[in-house]
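Below, each chain spelled out in residue letters.
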Amino acid sequence: MQRSRSKMSLGDVYRESFSYFVSRDSLIIFLVGIIIFSLLYSSIQHGVGVISSLPVWNASALSSMMSSSGSNPWVSSTSAVSSYPTMSSILSNFGSWMNMASSLTSFSIALLEVLVIRAVMSKKLNLPVRSYINLLAMSVVLGLFIELPIMLTIFYGFSLMASINSALGIIISVLASLFALYIAVRVIFAQIYAAGYNQDPITSIESSFNITKGKFWFVFGTLLIPLLVISLVISLVFGLIAMALPAGFAVVEGIMLSLDIIILTTILTNYLINAKSLLK
């Protein structure tokens, strides 16, 4: 018999989250994720292969052009572009496709997160459109108004370090990084509130701030750090597998990303469900 959620300990949360991965709903989500991400990574891998085969990146062709142009790299690169008038259009199309692939990946990640959150909370596999829209909207709000300003501040600090004032640059970068860590803990449950409780972006962020109020170090140590460690282990293991099996890179990456999303989102959801007992 399943342990009552209201009395689950921290260890129970992690045990249930890992055991959920072998459930029927989780395996269905896992399969969906593998198919989606494998197709996306496969198309990206193919595009990179096409680009890398272009003469401007082809060593033998470039060497030939350099010898005919007096070994002048600038003349050689200009010759390459002029000799292949479609190259610029190919590069432009590839850039557009990479942007689209990045967007599709983000949409797909949100799709899997909603499926996992709803399955864990309602014990059935479903995809409410409202939950999906709420999660996407919350991600946009976080990205534009919180993550982007923080990243720009960090980059500004780095630019100062490399130019006029290294000490000030270090201070700005460190403070911005610490603030980013603080925000990461305070909004850690926002996606669960958005997709699981159908809250709008602002309300979901406020709810996450409220439940983590005064619990920063506890959430940091018992949730954020374990999530980072789990994600790192998954990345290292499947990264090594991808290096050993380059032909299966797309599938391996699809498995890795799907596994990462399912396990981390399940832990987050179970943690929030049991927050009253864990954060008392």
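Check the entry above for the structure.
Below is a summary of the structure that appears in this document. Model, not experiment: these values are computed from the prediction.

1. Section: the overall build of the protein chain
- Scanning the protein chain from N- to C-terminus turns up 12 helices and 0 strands.
- In sequence order, the protein chain lays out its α and β elements as α-α-α-α-α-α-α-α-α-α-α-α.
- The proportion of buried residues among the 280 residues of the protein chain is 41%.
- By sequence separation, contacts in the protein chain at least 24 residues apart represent 70% of the contacts at least 6 residues apart.
- Accessible area of the protein chain: about 15100 Å², with a carbon and sulfur share of 71%.

2. Describing unusual backbone geometry
- The residue N198 is not glycine, and still its phi comes out positive at about 55°.
- Within the element layout of this structure, N198 appears in the loop between helix 8 (190-196) and helix 9 (201-211).

3. Points about the nonpolar core
- Among the nonpolar cores identified, the biggest contains 64 residues, and I29, I188, F189 and L223 are the most heavily contacted of them.
- Per-element tally for this core: the top contributor is helix 11 (residues 249-273), with 12 residues.

4. Quick look at the pattern of salt bridges
- Counted by the stated rule, this structure contains 2 salt bridges.
- The residue D12 makes a salt bridge to R15 at a minimum N-O spacing of 2.6 Å. Residue D12 and its partner R15 are both found in helix 1 (residues 10-20); the two are separated by 3 residues, about one turn of the helix.
- Exposure remark for D12: the relative accessible area of 9% places this residue in the buried category.
- Residue R15 is classed as exposed on the basis of its relative accessible area of 54%.
- Close ionic contact of D25 with R24 constitutes a salt bridge, the shortest N to O distance being 3.1 Å.

5. What about the environment of L135?
- Mapped onto the fold, L135 is located in helix 6 (residues 129-161).
- We classify L135 as buried; its relative accessible area is 1%.
- Non-local contacts of L135, meaning those with residues more than four positions away in its chain, are made with A110, E113, V114, Q191, A194 and A195.

6. Side note on the layout of surface pockets
- Roughly 1000 Å³ of internal volume is contained in the largest pocket.
- Taken together, 34 residues make up the lining of the largest pocket; nearest its centre are E113, L142, E147, V187 and Q191.
- Of all elements in the fold, only helix 5 (87-122), helix 6, helix 7 (166-186), helix 8, helix 10 (216-244) and helix 11 reach the threshold of two or more residues within the lining of the largest pocket.
- Counting residues per element, the lining of the largest pocket draws most heavily on helix 6, at 12 residues.

7. A closer look at helix 10
- Across its 29 residues, helix 10 extends 40 Å between first and last C-alpha, which sits within 8% of the 42 Å expected from 1.5 Å per residue.
- Taking the largest bend as the criterion, helix 10 deviates by roughly 25°, centred on L224, and proline P226 comes between one and four positions later.
- Taken residue by residue, helix 10 has F216, V219, F220, T222, L223, L224, L227, I230, S231, I234, F238 and A242 as its buried positions.
- The inward-facing, buried residues of helix 10 contact helix 1, helix 7 and helix 11.

8. Overview of the packing of helix 7 against helix 10
- As a packed pair, helix 7 and helix 10 sit with axes 10 Å apart at the nearest point and diverge in direction by 80°. Considering their axes alone, helix 7 and helix 10 lie roughly perpendicular with respect to each other. The segment helix 7 lies against helix 10, with L181, Y182 and V185 engaging F216, V219, F220 and L224.

9. With respect to the environment of I133
- Within the element layout of this structure, I133 appears in helix 6.
- Residue classification places I133 among the partly exposed positions, given a relative accessible area of 47%.
- For the pair I133 and A110, spaced 23 residues apart in the sequence, the C-alpha separation amounts to 9.3 Å.

10. Topic: the packing of aromatic side chains
- Enumeration according to the criterion identifies 9 aromatic pairs in this entry.
- Measuring from centroid to centroid gives 5.1 Å for F21 and F30, while their planes differ by 70°, and the two rings are edge-to-face.
- By relative accessible area, F21 is classed as buried at 17%.
- Where F216 meets F220, the ring centres are 6.0 Å apart and the plane angle is 10°; that geometry is what we call stacked. With F216 and F220 both in helix 10 and 4 residues apart, this pair spans about one turn of that helix. Across the pair, F220 and F216 agree in class, each one buried.

11. Quick look at the packing of helix 6 against helix 7
- Following both chains from N to C, one finds helix 6 and helix 7 inclined at 160°, their axes separated by 7 Å at the closest point. Regarding the angle of helix 6 to helix 7, the classification is roughly antiparallel. Pair helix 6 / helix 7 crosses with left-handed handedness. When helix 6 is examined against helix 7, the residues I146, I150, T153, I154, Y156, G157, F158, L160 and M161 are found in contact with a partner set consisting of S166, L168, G169, I170, I172, S173, A176, S177, F179, A180 and I183.
- For the contact of helix 6 with helix 7, the class distribution of residues is 14 nonpolar, 6 polar and no charged.

What counts and how
Residues numbered from 1 in each chain as written. Predicted model: local features only at pLDDT ≥ 70, side-chain atom pairs only at ≥ 80, totals over all residues. Heavy atoms only, no water. Helix = DSSP H or I, 4+ residues; strand = E, 2+ residues; numbered from the N terminus. Buried < 20%, exposed > 50% of the residue type's maximum accessible area, 1.4 Å probe, protein only. Contact = heavy atoms within 4.5 Å. Areas by Shrake-Rupley, 256 points an atom, 1.4 Å probe, with all protein chains shown as cover. Core = buried A, V, L, I, M, F, W, Y, C linked by side-chain atoms within 4.5 Å. Salt bridge = Lys/Arg side-chain N within 4 Å of Asp/Glu carboxyl O. 1 Å grid on protein atoms, 1.4 Å probe; cavity = no way out; pocket = protein on both sides within 12 Å on 5 of 7 lines; lining within 4 Å. Points joined across faces, edges and corners; volume = space filled by probe spheres on them. Expected span 1.5 Å × (residues − 1). Bend = angle between axes of the 7 residues up to and from the residue. Axes fitted to C-alpha atoms, helices over the stretch in contact; angles between N-to-C directions. Parallel < 35°, antiparallel > 145°, perpendicular 65-115°, else oblique. Phe/Tyr/Trp six-rings, centres within 6.5 Å; stacked < 30°, edge-to-face > 60°. Left-handed = near helix turned anticlockwise from the far one by under 90°. Nonpolar A, V, L, I, M, F, W, Y, C, P; charged D, E, K, R; others polar.

Structural measurements only, silent on function.
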